[in-house]
Amino acid sequence: MKAFDFLLNKREEKPRSKGITMVLDKGLGLETAESLMNISGEYVDYLKFGWGTSIIHDEDIIKAKVEMYKNHNIIPYTGGTLFELAYMNEKLDEFFMRAKELGFPAIEISDGSVNIPHENKLECIEAAKSKGFEVLSEVGKKDPNLDKELTLDERIEYMQEELNSGSSLIIVEAREGGKNIGIFDKSGNAKEDEIDYILDNFDGDKILWEAPNKDQQVFFILKLGNTVNLGNVSSDDITSLETLRRGLRGDTVGKI
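Residues numbered from 1 in each chain as written. Predicted model: local features only at pLDDT ≥ 70, side-chain atom pairs only at ≥ 80, totals over all residues. Heavy atoms only, no water.

Caption draft 1: Here's a closer look at the nonpolar core. Trp-209 and Phe-220 are the most contacted members of the largest nonpolar core, which has 56 residues in total. When neighbours within four sequence positions are excluded, Phe-220 is seen to be in contact with Ile-183, Phe-184, Ile-195, Trp-209, Ala-211, Gly-225, Val-228 and Leu-230. Of all hydrophobic cores here, the second largest spans nine residues; its members include Ile-20, Met-22, Tyr-46 and Leu-136. (Core = buried A, V, L, I, M, F, W, Y, C linked by side-chain atoms within 4.5 Å. Buried < 20%, exposed > 50% of the residue type's maximum accessible area, 1.4 Å probe, protein only. Contact = heavy atoms within 4.5 Å.)

See the structure below:
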């Protein structure tokens, strides 16, 4: 029972089909991560081992963290940059095998840093699915100049093709900082007209919006409700985001 259960607005329990929160693990120690999940794990749906961080940590620690997250009914997965490194080095078979050995049930497939022909990316999604992985795929480039070359129609076309190829969620790129990339301007403000255009042409329940900053999280919750899917949330902000979702913080009190 929660400390003030009578004031708690209810929402869908895990496994959730919407209102998903994806948290970014940038290299948490096992004990720190476990302590955090003991208090906030029920509010986390996906846990991404950021970019290539899992390469430089001992395999026993990675295995233990993966198992711990799964014990909290959280889906841990490898960051997109790790996939891109494997692709670039022609080590995809080894990557899939190693991810399976480490216990990852899901992987992210992206092309944000490495140039991958879109047909090849779709083939990689299908290959990962055939290996038994859940796939989350990301659309967008990490270089703002390259990202701006993608038109909205191209983004939507890629998103739909990746969904059709087997991705369970499509991640809209915003990086860890959430500024001057994708749907956010140089100040980190959401480009609402572009978001509306995407939502008019794609299933919003299949989008995981990267929204690392509080103002961005507030924007999406007020615009789309507390069942919006949000990602790249800092491990420090799990409780903060959940209170926003439940109308327990000034930004959303009485507004959802």
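Caption draft 2: Main features of the pairing of strand 3 (residues 75–78). For strand 2 (residues 46–49) and strand 3, the ladder comprises four bridges, and the chain directions are parallel. Counterpart to Tyr-46 in the pairing with strand 3 is Ile-75. With respect to chirality, the unit in which strand 2 leads through helix 2 (residues 59–71) into the neighbouring parallel strand 3 is right-handed. For strand 3 and strand 4 (residues 106–109), the ladder comprises two bridges, and the chain directions are parallel. Bridging from a neighbouring strand, Tyr-77 pairs with Ala-106 of strand 4. (Pairing = 2+ DSSP bridges. Helix = DSSP H or I, 4+ residues; strand = E, 2+ residues; numbered from the N terminus. Right-handed = clockwise from strand over helix to strand, strands pointing away.)

Caption draft 3: Structural detail: the packing of aromatic side chains. According to the stated counting rule, one finds ten aromatic pairs in the structure shown. Both rings, one in Phe-4 and one in Phe-6, keep their centres 6.2 Å apart while their planes meet at 70°; by these two values the pair is edge-to-face. Each member of the pair Phe-4 and Phe-6 is classed as exposed. Arranged with centres 6.1 Å apart and planes meeting at 80°, the rings of Tyr-46 and Tyr-77 form a pair that is edge-to-face. Of this pair, Tyr-46 sits in strand 2 while Tyr-77 sits in strand 3, and the two are 31 residues apart along the sequence. With relative accessibility at 0%, the residue Tyr-77 sits in the buried group. Members of the aromatic cluster, each reached through a chain of ring pairs, are Phe-184, Trp-209, Phe-219 and Phe-220. Its guanidinium or amino end placed over the ring of Phe-133, Lys-100 lies 4.2 Å from that ring's centre, counting from NZ or CZ. (Phe/Tyr/Trp six-rings, centres within 6.5 Å; stacked < 30°, edge-to-face > 60°. Lys NZ or Arg CZ within 6 Å of the ring centre and 35° of its normal.)

Caption draft 4: Region of interest: helix 4 (residues 92–101). Of all the residues in helix 4, the buried ones are Leu-92, Phe-95, Phe-96 and Ala-99. For helix 4, the arc enclosing every buried residue in end-on projection is 95°, short of the 170-degree limit, so these residues lie on one face. Exposed positions of helix 4 whose direction lies more than 90 degrees from the buried face are Asp-93 and Met-97. Where helix 4 is buried, its residues contact strand 3, helix 3 (80–88), strand 4 and helix 5 (118–130). Phi turns positive one or two residues past the end of helix 4, at Gly-103, with a value near 95°. (Arc of directions from axis to C-beta.)

Caption draft 5: Here's a closer look at the packing of helix 9 (residues 214–224) against helix 10 (residues 238–245). One can describe the packing of helix 9 onto helix 10 by two numbers: an axis separation of 10 Å at closest approach and a directional angle of 25°. Taken together, the axis directions place helix 9 and helix 10 in an arrangement best described as roughly parallel. Relative to helix 10, the crossing made by helix 9 is right-handed. From helix 9, Lys-214, Gln-217, Val-218 and Ile-221 reach across to helix 10, where they touch Leu-241, Leu-244 and Arg-245. Residues belonging to the contact of helix 9 with helix 10 are distributed by class as follows: four nonpolar, one polar and two charged. (Axes fitted to C-alpha atoms, helices over the stretch in contact; angles between N-to-C directions. Parallel < 35°, antiparallel > 145°, perpendicular 65-115°, else oblique. Left-handed = near helix turned anticlockwise from the far one by under 90°. Nonpolar A, V, L, I, M, F, W, Y, C, P; charged D, E, K, R; others polar.)

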